[in-house]
Amino acid sequence: MDKVQFLLFIAVTLFAIGLLGVIVRRNLLVMLMCMELMLNGVILSLVTFAQQTGTTSGAVLVFLIFVVAAAEIAIAIPIVLLLVRQKHTLEAAAYGDLKG
Amino acid sequence: MLETFLGNLDKLLLVVFGLSALVAAAMMIVLRHPMQVAMALISTMVFLAGIYGLVGVHFIAAFQVLIYVSAVMVFMVYVIMLLDVRDPSFTRRFSALLVPGLAGGALLLAALAWAFWHGVFAPGGGTAAYGLQPFAIAFLNEYWLHFELTSVLLLAAVVAALAVIKVSRNIHG
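Keep in mind the model is a prediction, meaning the values are calculated, not measured.

A.B. asks: Would you take a moment to explain the overall build of chain A for this structure?
C.D. replies: Secondary structure summary: chain A contains 3 helices and 0 strands in total. Ordered by position in the sequence, the α and β elements of chain A form the string α-α-α. Against the 2.2 N^0.38 benchmark of 13 Å for 100 residues, chain A shows a C-alpha radius of gyration of 17 Å, more extended than a compact globule. Each principal axis of the C-alpha distribution contributes one length, and for chain A these read about 50 × 25 × 20 Å. Out of the 100 residues in chain A, the part that is buried amounts to 45%. Here the analysis covers contacts within chain A between residues at least 6 apart in sequence; of these, 50% occur between residues at least 24 apart.

Here it is, written out as structure tokens:
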């Protein structure tokens, strides 16, 4: 297997494992962490493609994605804490009555 | 013998780091407590930083460790320490979607294996390493507007986090 192919294999497998984790786990924080894993897989594929084509724009995009991911987690965790203070549970199934 | 081993050391390390990242990611599905899951995610991220260092983008490896492992995951670990460990989601791992999720995951992996088998991902291409200097020149010459927009996004995130805290205070007094 080629180096680029191996890295893409790692990237898509990380994405698939993260997606599986979001679906099968019941804890909200674990689901958030699995989403971070999916994002890491995408970043790895972006770095690999940027290396393959020899452009710097991929690296710039990766840097911007890091910043956006930090902002995302800074918003997501207060929302999770707010939900937990209301219902006193981290189970995703307990929030099935949320609409819109 | 030693020369061939040292010549192939980067490939060996790449495979070791990649497979370790996959194993740590699989542990995230299996482990029970969120703190263990966070530790598995941190090790996945550190292995990915090793991969970035091996393919020659050292500054992305540094960003990965500084931003993801330090900032994001330390925040996550603090939040897990804040929460109640007697929560039922801490003891029962999987939701009711376990069987359809596993079936969908198996289908996705089969589709990916098919794609690799038929060569959808083109091999080869230059894996030229570029340093910080071309990145910095491209970053500040062409992408300065995007950089400013992300700073606006970070400001919006700070304001939104404060608003969430205010909502929480209004509800709970």
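A.B. asks: Is there a simple way to think about the overall build of chain B in this case?
C.D. replies: Counting its secondary structure elements, chain B contains 8 helices and 0 strands. In chain B, the succession of α and β elements from N to C terminus is α-α-α-α-α-α-α-α. Computed over C-alpha atoms, the radius of gyration of chain B comes to 21 Å, more than 25% over the 16 Å expected from 2.2 N^0.38 for 173 residues, which places it beyond the range of a compact globule. Its C-alpha atoms put chain B at 70 × 50 × 35 Å along the principal axes. The contacts in chain B between residues at least 6 apart in sequence include a share of 55% that link residues at least 24 apart.

A.B. asks: What is the right way to read the environment of A93 of chain A from this model?
C.D. replies: The topology assignment puts A93 of chain A in the segment after α3 (57-87). Residues A93 of chain A and V60 of chain A, spaced 33 residues apart in sequence, show a C-alpha to C-alpha distance of 38 Å.

A.B. asks: Which parts of the structure should I look at to understand the interface of chain A and chain B?
C.D. replies: By a frequent convention, interface size equals the accessible area lost on bringing the separate parts together. The partner chain B presents 72 residues to the 61 residues of chain A that form the contact. Here the element with the most residues in the side of chain A that touches chain B is α3 of chain A; it accounts for 22 residues. Each residue belonging to the side of chain A that touches chain B can be placed in one class, and the counts come to 42 nonpolar, 12 polar and 7 charged.

A.B. asks: What am I meant to see in the confidence of the model for chain B here?
C.D. replies: Residues shown with low pLDDT carry predicted positions that ought not to be read at fine detail. All names here are of chain B. Predicted confidence across chain B gives a mean pLDDT of 85, with 91% of residues reaching 70 or more. For chain B, helix α5 (residues 88-91) is the element with the lowest average pLDDT, namely 69, and helix α3 (residues 34-55) is the one with the highest, namely 93. Interface confidence for the predicted complex, expressed as ipTM, amounts to 0.92; the pTM equals 0.88.

A.B. asks: Just to check I follow, could you spell out the environment of A16 of chain A for this structure?
C.D. replies: Take A16 of chain A: it is sitting in helix α1 (residues 3-24). Linking A16 of chain A and V80 of chain A, residues 64 residues apart in sequence, is a C-alpha distance of 24 Å. When near neighbours in sequence (up to four residues on either side) are disregarded, A16 of chain A contacts G105, L108, L109 and L112 of chain B.

A.B. asks: Explain the nonpolar core here, please?
C.D. replies: What tends to happen in soluble globular proteins is that the nonpolar side chains get buried as a cluster. In this structure, L14 and M33 of chain A together with M28, L41 and Y52 of chain B are the most contacted members of the largest nonpolar core, which totals 61 residues. Listing elements by their share of this core, those giving two or more residues are α1, α2 (28-53) and α3 of chain A together with α2 (9-30), α3 and α4 (58-82) of chain B. Among the elements that line this core, the one with the most residues is α3 of chain B, at 13 residues. Ignoring anything within four residues of it in the chain, the contact list for Y52 of chain B reads V47 of chain A together with V57, I60, A61 and Q64 of chain B.

A.B. asks: It is not clear to me how the domain arrangement of chain B should be interpreted in this structure. Could you clarify?
C.D. replies: Each assigned domain of chain B is listed here: domain 1 (1-91) and domain 2 (131-173). The distance between the C-alpha centroids of domain 1 of chain B and domain 2 of chain B comes to 25 Å.

A.B. asks: Please clarify how the packing of α2 of chain A against α3 of chain A should be interpreted in this entry.
C.D. replies: Helix packing geometry: the angle between the two helix axes and the distance between the axes. All names here are of chain A. Axis separation between α2 and α3 bottoms out at 10 Å; the angle between their running directions is 175°. In terms of orientation, α2 and α3 fall into the roughly antiparallel class. The segment α2 lies against α3, with L28, L29, L32, L39, I43, L46, V47, F49 and A50 engaging G58, A59, L61, V62, I65, A69, A76 and V80. Considered class by class, the residues forming the contact of α2 with α3 number 16 nonpolar, 1 polar and no charged.

A.B. asks: Can you help me understand α2 of chain A in this one?
C.D. replies: Each turn of an α-helix holds 3.6 residues, which means side chains three or four residues apart point in the same direction. Between its terminal C-alpha atoms α2 of chain A stretches 38 Å, which fits the 38 Å expected from 26 residues at 1.5 Å a residue. Positive phi appears at G54 of chain A, one or two residues downstream of α2 of chain A, with a value of about 70°.

A.B. asks: Would you mind showing me how to read the packing of α3 of chain B against α4 of chain B here?
C.D. replies: Residue and element names in this part refer to chain B. Where α3 meets α4, the axes come as close as 8 Å, and the angle between the chain directions of the two elements is 175°. The angle between the axes of α3 and α4 places the two elements in the roughly antiparallel class. For the pair formed by α3 and α4, the contact residues are P34, M35, A38, L41, I42, M45, V46, L48, A49, Y52 and G53 on the first element and H58, I60, A61, Q64, V65, Y68, V69, M73, M76, V77 and I80 on the second. Looking at side-chain class alone, the contact of α3 with α4 contains 19 nonpolar, 3 polar and no charged residues.

Reading guide: rules and limits
- Residues numbered from 1 in each chain as written.
- Chains lettered and ligands numbered in written order.
- Predicted model: local features only at pLDDT ≥ 70, side-chain atom pairs only at ≥ 80, totals over all residues.
- Helix = DSSP H or I, 4+ residues; strand = E, 2+ residues; numbered from the N terminus.
- Rg over C-alpha atoms; globule rule 2.2 N^0.38 Å.
- Buried ≥ 20, exposed ≤ 12 C-beta atoms within 10 Å, placed from the backbone.
- Contact = placed C-beta atoms within 7 Å.
- Nonpolar A, V, L, I, M, F, W, Y, C, P; charged D, E, K, R; others polar.
- pLDDT = per-residue confidence, 0-100.
- Core = buried A, V, L, I, M, F, W, Y, C linked by C-beta atoms within 7 Å.
- Domains from an automatic or database assignment.
- Axes fitted to C-alpha atoms, helices over the stretch in contact; angles between N-to-C directions.
- Parallel < 35°, antiparallel > 145°, perpendicular 65-115°, else oblique.
- Expected span 1.5 Å × (residues − 1).

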